[in-house]
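Residue-level structural notes
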Amino acid sequence: MSVDPLDTHYRWLNQVERLAGVQVHFPIVEDPNRWISGLYEMLDPTDDARRTARSVFLVDPDDRVRFVLTYPAATGRNFEEVLRVIDSLQANTAAERGARAG
């Protein structure tokens, strides 16, 4: 989800594909009025209202929120940390399935 308008999303998707050779296969939701961001408390109430949402939610295939990260704008994003958490969640989920099957 992004507070940017839809045309910005398309430009970003094209840039990711062109530069990284990766197609994004997940939905991107536009929230230019920040209604959804506010509903899920993804905005820092003390921050400039024009800034973007600063929260990451990882939701599993069963629609359970497995991870939430909210950070101030000044810290920047840490995709390596998000990828580390995804790897860990996937490994633990696979181990849980194996334990249930055995």
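Described in the following lines is the structure provided in the data block. (Residues numbered from 1 in each chain as written. Predicted model: local features only at pLDDT ≥ 70, side-chain atom pairs only at ≥ 80, totals over all residues. Heavy atoms only, no water.)

1. A closer look at the side chain of aspartate 31
Structurally, aspartate 31 is set in the loop between helix 1 (6–20) and helix 2 (35–39). Within the buried core, aspartate 31 has no salt-bridge partner, and the shortest N-O distance to an opposite charge, that of arginine 34, equals 7.0 Å. Side-chain polar atoms of aspartate 31 contact the backbone nitrogen of tryptophan 35, separated by 2.9 Å. Once residues lying within four places of it in the same chain are set aside, the contact partners of aspartate 31 are Met1, Ser2, Val3, Asp4, Ile36 and Ser37. (Helix = DSSP H or I, 4+ residues; strand = E, 2+ residues; numbered from the N terminus. Buried < 20%, exposed > 50% of the residue type's maximum accessible area, 1.4 Å probe, protein only. Lys, Arg positive; Asp, Glu negative; His and termini not counted. Salt bridge = Lys/Arg side-chain N within 4 Å of Asp/Glu carboxyl O. Polar contact = N/O pair within 3.5 Å; in protein donor to acceptor, adjacent residues only side chain to side chain. Contact = heavy atoms within 4.5 Å.)

2. A look at the pattern of salt bridges
Under the criterion given, the structure shown has four salt bridges. A salt bridge links arginine 11 to aspartate 7; its shortest N-O distance comes to 3.1 Å. Separated by four residues within a single helix, arginine 11 and aspartate 7 lie in helix 1, roughly one turn from each other. The residue glutamate 81 makes a salt bridge to arginine 84 at a minimum N-O spacing of 2.9 Å. Placement of the pair is glutamate 81 and arginine 84 together in helix 3 (residues 79–101), with a separation of three residues, close to one helical turn. Judged by its relative accessible area of 49%, arginine 84 is partly exposed. One salt-bridge network, in which partners are shared between bridges, spans Asp60, Arg64 and Arg66.

3. Some details on unusual backbone geometry
Non-glycine residue glutamate 41 carries a positive phi angle of around 55 degrees. Relative to the assigned elements, glutamate 41 resides in the loop between helix 2 and strand 1 (55–59). Given a relative accessible area of 67%, glutamate 41 falls into the exposed group. We note that aspartate 63 has phi near 65 degrees; this positive angle belongs to a residue other than glycine. In this fold, aspartate 63 is placed in the loop between strand 1 and strand 2 (65–70). Judged by its relative accessible area of 66%, aspartate 63 falls in the exposed class.

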